[in-house]
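Understanding the architecture of this molecule
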Amino acid sequence: MRRAPYDELELDLRLGVRATALDAGAKVLTLDLGAGTREELAFDGALLATGATPRTLPDTPDLDGIFVLRTIDDALDLRARLDDHPRVVVIGAGFIGSEVAATCRGRGLQVTVLEALRAPLVRGLGETLGMVCGELHRDHGVDLRLGVGVAAIEGDGKVERVRLDDGSTVDADVVVVGWVWYR
Ligand SMILES: Cc1cc2nc3c(=O)[nH]c(=O)nc-3n(C[C@H](O)[C@H](O)[C@H](O)COP(=O)(O)OP(=O)(O)OC[C@H]3O[C@@H](n4cnc5c(N)ncnc54)[C@H](O)[C@@H]3O)c2cc1C
């Protein structure tokens, strides 16, 4: 019988275990095994691959209707809100922002995308291909605004508008902030 792939690789795979500290000088990693138990693991080399965290805007107020997209629960929360036919503003035209915008337009929603750079998807595709994708968004009815900065997200209890650097505003019921930080 075929062994599990991790067994074939002869990995010491530990699930449900959190690394809580790394002493680079002593080359020791501290693990939280749960129930108050810790273990220290010596290493010769360590690779940090702990993923990314959604980036929020500085001074973002605590308003209902502001979403990030990282986990399945984030996606389910956003999808549930889209059933209310909101006006959607997406901040950031990277892969996440572009996919959200396309999905929202597919559901017939009013979508505005705000991007600081001169084209969408520049980090992944470069400016030329990014412009092609931008035209695709526009052809599908996305209000794509390039080279714009966001000054503030505003509202009273729930999000109502996004204020841009030039003082203009875009009305919104849902705002999706589509960036990540690498930890
Ligand atoms: C909504 C969304 C859609 C995406 N769609 C695509 C796509 O279509 N195609 C594509 O190529 N990429 C896509 N991506 C990006 C892709 O998910 C990431 O690039 C990829 O997951 C990054 O892999 P990673 O191993 O660096 O981090 P992760 O996949 O985040 O893995 C990090 C792991 O480290 C664990 N961890 C964190 N801290 C600790 C700790 N202290 N101790 C122990 N474990 C820890 C976490 O639990 C996690 O399992 C998408 C991302 C998002 C958010």
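The following paragraphs examine the structure supplied in this document. Remember, it's a predicted structure, so these values are computed and weren't measured experimentally.

When helices and strands are counted, the chain shows five helices and 13 strands. Compactness check: the chain gives a C-alpha radius of gyration of 21 Å against a globular reference of 16 Å for 183 residues, more than 25% above the reference. If one aligns the C-alpha atoms of the chain with their principal axes, the spans along those axes are about 55 × 40 × 35 Å. In the chain, once contacts between residues fewer than 6 apart in sequence are set aside, the share between residues at least 24 apart is 49%. Surface summary for the chain: the accessible area is close to 11,800 Å², and the carbon and sulfur share equals 52%. Of note, the chain has its 21 positive side-chain charges centred 2 Å away from the centre of its 30 negative side-chain charges.

Further remarks concern the layout of surface pockets. Computed from the structure, the largest pocket encloses a volume of approximately 730 Å³. The wall of the largest pocket is formed by 21 residues, among which Val17, Ala19, Leu29, Leu31 and Leu47 lie closest to the centre. Elements supplying a minimum of two residues to the lining of the largest pocket: strand S1 (18-23), strand S2 (28-34) and strand S3 (37-42). Tallying contributions element by element places S1 first for the lining of the largest pocket, with five residues. In terms of residue class, the lining of the largest pocket is made up of 14 nonpolar, three polar and four charged. Taken as a whole, the second largest pocket encloses approximately 490 Å³ of empty space. Residue lining of the second largest pocket: 25 residues in total, with Gly94, Glu115, Arg123, Gly178 and Trp179 positioned closest to the centre. Contributions of two or more residues to the lining of the second largest pocket are made by helix H3 (95-106), strand S7 (111-115), helix H4 (122-125) and strand S13 (180-182). In terms of residue count, the dominant contributor to the lining of the second largest pocket is H4 (three residues). Grouping the constituent residues of the lining of the second largest pocket by class yields 17 nonpolar, five polar and three charged.

Among the nonpolar cores identified, the biggest contains 16 residues, and Leu78, Val88, Val90, Cys104, Val111 and Val113 are the most heavily contacted of them. Those elements that place two or more of their residues in this core are helix H2 (72-82), strand S6 (88-91), H3, S7 and strand S12 (174-177). When residues of this core are assigned to their parent elements, the largest contribution, three residues, is made by H3. Those residues in contact with valine 111, other than ones at most four positions away along the chain, are Val88, Val90, Ala101, Cys104, Arg105, Gly141, Val142 and Asp143. Membership of the second largest hydrophobic core comes to 14 residues, among which are Ile91, Ile153, Ala172 and Val177.

Let us look at the site of the ligand. Near the ligand there are 10 residues, and of these Ala19, Ala49, Thr50, Gly51 and Arg70 occur at the shortest range. Between the ligand and the protein, one listed contact pairs a nitrogen atom with a backbone N or O atom of alanine 19 at 2.9 Å. Coverage of the ligand by the protein amounts to 41% of the 990 Å² it exposes when considered alone. Here the residues of the shell around the ligand are counted per class, giving five nonpolar, two polar and three charged. When residues of the shell around the ligand are sorted by domain, at least three fall in each of domain 1 (7-42) and domain 2 (52-182).

Further remarks concern the side chain of serine 98. Within the element layout of this structure, serine 98 appears in helix H3. Its relative accessible area of 10% is what places serine 98 among the buried residues. For serine 98, the contacting residues outside a window of four places in its chain are Ala93, Leu121 and His137.

What follows covers the pairing of strand S9 (residues 150-156). Sheet faces and side chains relate simply in a regular strand, where the side chains alternate between the two faces. Where S9 lies against strand S10 (residues 158-164), six bridges are found, and the strand directions are antiparallel. Counted as the bridge partner of valine 150 is leucine 164 from S10. Counting the residues that bridge the hairpin from S9 to S10 gives one residue, and of these glycine 157 lies at a positive phi of roughly 85°.

Cut-off values and rules
- Residues numbered from 1 in each chain as written.
- Predicted model: local features only at pLDDT ≥ 70, side-chain atom pairs only at ≥ 80, totals over all residues.
- Heavy atoms only, no water.
- Helix = DSSP H or I, 4+ residues; strand = E, 2+ residues; numbered from the N terminus.
- Rg over C-alpha atoms; globule rule 2.2 N^0.38 Å.
- Contact = heavy atoms within 4.5 Å.
- Areas by Shrake-Rupley, 256 points an atom, 1.4 Å probe, with all protein chains shown as cover.
- Lys, Arg positive; Asp, Glu negative; His and termini not counted.
- Charge placed at Lys NZ, Arg CZ, Asp CG, Glu CD.
- 1 Å grid on protein atoms, 1.4 Å probe; cavity = no way out; pocket = protein on both sides within 12 Å on 5 of 7 lines; lining within 4 Å.
- Points joined across faces, edges and corners; volume = space filled by probe spheres on them.
- Nonpolar A, V, L, I, M, F, W, Y, C, P; charged D, E, K, R; others polar.
- Core = buried A, V, L, I, M, F, W, Y, C linked by side-chain atoms within 4.5 Å.
- Buried < 20%, exposed > 50% of the residue type's maximum accessible area, 1.4 Å probe, protein only.
- Near = heavy atom within 4 Å.
- Polar contact = N/O pair within 3.5 Å; in protein donor to acceptor, adjacent residues only side chain to side chain.
- Domains from an automatic or database assignment.
- Pairing = 2+ DSSP bridges.

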